[in-house]
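# Summary of structural features
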Amino acid sequence: MDDHWSVAAHRHFKAAGVRQVAYVPDGGLTRLIERCREDNAIETVMCATEEEGVGLAAGAWLGGQKAAVLMQSSGVGNTVNAIASLVTSAQFPFFAIVTMRGQWGEGNPWQVPMGQAVAPVLEAIGVKVFHADTAEDVGAMVEAGLRMAYSSDQAVAVLVSQRVIGSKVWVADNKEGAQ
Amino acid sequence: MTDFVLHRREILAKALADRGDALVVTGLGSSTWDLASLGDRPENFYLWGAMGNSAMIGLGLAIARPERRVVVVTGDGEMLMGLTSFTTIGARRPSNLAICVLDNERYTETGRQPTATGLGTDLAAVAKACGFPTTATIRTEAEAGQLGELLLRTPGPVMAVAKVVDEPLPMAVPPRDGGYLKTRFRIGLLGEKAATQP
């Protein structure tokens, strides 16, 4: 049996009745995006930037559908005004899964500042932040987060630790050219 | 700029005169006042913030309610901020979504500073390049006569850009409580039970 966290996350999407999934791709989200794309009951919408996903989720809710937004931690920076000004102002339910960079064993210094800012920035604009530090946490937090979002009109983000996803390692290979 | 002849509220009123059960989302600022000036109703969702997000709210709504027409009415400044959404909408191509940009080539609310639409950016051409099957730039009264057809009945996604006079207009202020607007819209669309006990 496949025990990757994306299996449990997708199962909870189904159980909660999520019908639209917006995403900007990230390596850590690959398997969850694939599962959602293969699911005919879920409309996946590839976005060019993460704030689009916030608008899509609000529009889905206006139309009676639940949505989830998937993004990498860098993308959280792009969502700030959309979440504060739309989701928080109008008390829209909102649920996001954020795969973390700049956190656990990061090898790219350019990822660190935004990665470290994700939780305080989200909390500052009214989002309830769940930290998933193990693969088992993810499924439970997706289930609880979706319920809190859609039963209590809250904005919830599950941050999937880089410890769960695995850190990218950059090693220059001078014979083969840089990676 | 000076040769524009269309008046935003006049053409919008005519275009939406027979809107039926169409759902309308407005971008913040002038477009919200414009729609409110035509009469408030639950099927209107007005933005008072979230600049750049009106088109994507329209997309989420259009996907959720494929049997209903969804019309986004916004301004050139708001649309420029959401330009990436053209690529997303062009890739998904919802047939029930139309976007109307009331383009006065100004950031009206902040002091009438010029926008890029008066300095080279052709929003209809951008939308066409992103895969919108129907795009139009409307400049004359005769062309404006087609706006209702474009917004309400032409298979989408439609991008209709109307070049309009930059003019002072009386404020028409709709409700500003976002939670109220959201819930009122959902009750109107889904019924009270489904909207309030999801």
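Model, not experiment: these values are computed from the prediction. (Residues numbered from 1 in each chain as written. Chains lettered and ligands numbered in written order. Predicted model: local features only at pLDDT ≥ 70, side-chain atom pairs only at ≥ 80, totals over all residues.)

## A few points about the confidence of the model for chain B
Mean pLDDT for chain B: 96, with 99% of residues reaching 70 or above. Interface confidence in the predicted complex, given as ipTM, is 0.97; pTM for the same model is 0.96. (pLDDT = per-residue confidence, 0-100.)

## What to know about the UniProt feature "domain: Thiamine pyrophosphate enzyme N-terminal TPP-binding" (unreviewed entry) in chain A
Cross-referencing UniProt, the feature "domain: Thiamine pyrophosphate enzyme N-terminal TPP-binding" (unreviewed entry) maps to residues 14-102 of chain A in the present numbering. For residues 14-102 of chain A, the end-to-end C-alpha separation is 30 Å, with 46% helix and 26% strand making up the annotated structure. (UniProt positions renumbered as here; feature names shortened; annotations may be inferred. Helix = DSSP H or I, 4+ residues; strand = E, 2+ residues; numbered from the N terminus.)

## Examining the nonpolar core
In terms of nonpolar packing, the biggest core is built from 112 residues, with Ala-57, Ala-67, Val-98 and Val-158 of chain A together with Cys-100, Ala-160 and Ala-162 of chain B touching the most fellow members. Per-element accounting of this core gives the leading share, 8 residues, to helix H3 (residues 54-64) of chain B. Among all residues touching Ala-160 of chain B, those that are not within four sequence positions of it are Ala-98, Cys-100, Ala-136, Ile-138, Leu-147, Leu-150 and Leu-151 of chain B. (Core = buried A, V, L, I, M, F, W, Y, C linked by C-beta atoms within 7 Å. Buried ≥ 20, exposed ≤ 12 C-beta atoms within 10 Å, placed from the backbone. Contact = placed C-beta atoms within 7 Å.)

## Some remarks on the sheet that holds strand E2 (residues 43-46) of chain A
Residues and elements named next belong to chain A. Taken together, 6 strands build an open sheet; the order of strands is E2-E1-E3-E4-E6-E5 and the sheet is parallel. In this open sheet, the two strands that pair with only one neighbour each are E2 and strand E5 (128-132). Strand-to-strand, the axes of this sheet are offset by a mean angle of 20°, without reference to chain direction. When E5 meets strand E6 (residues 155-160), the two strands line up parallel, connected through 5 bridges. The residue bridging Val-129 from the neighbouring strand is Ala-157, located in E6. (Pairing = 2+ DSSP bridges. Axes fitted to C-alpha atoms, helices over the stretch in contact; angles between N-to-C directions.)

## Here we look at helix H5 (residues 112-124) of chain A
All names here are of chain A. With 13 residues, H5 extends 19 Å from end C-alpha to end C-alpha; this agrees with the ideal 18 Å at 1.5 Å per step. Of all the bends in H5, the greatest reaches close to 45° and is centred on Val-118; the proline Pro-120 follows between one and four positions later. Of the surrounding secondary structure, the elements contacted by the buried residues of H5 are helix H4 (73-88), strand E4 (94-99), E5 and E6. Positive phi shows up at Gly-126, right after H5, with a value of about 95°. (Expected span 1.5 Å × (residues − 1). Bend = angle between axes of the 7 residues up to and from the residue.)

## Some points on the pairing of strand E3 (residues 66-72) of chain A
Residues and elements named next belong to chain A. Among the 7 residues in E3, 7 count as buried, and that is most of the element. Residues Lys-66, Ala-68, Leu-70 and Gln-72 of E3 are buried on one face, and the alternating residues Ala-67, Val-69 and Met-71, pointing to the opposite face, are buried as well. Two elements, strand E1 (residues 18-23) and E3, share 5 bridges in a ladder whose sense is parallel. Along E3, the bridge assignment pairs Gln-20 with Ala-67. When E3 meets E4, the two strands line up parallel, connected through 4 bridges. Bridge pairing in E4 links Val-69 to Ala-96.

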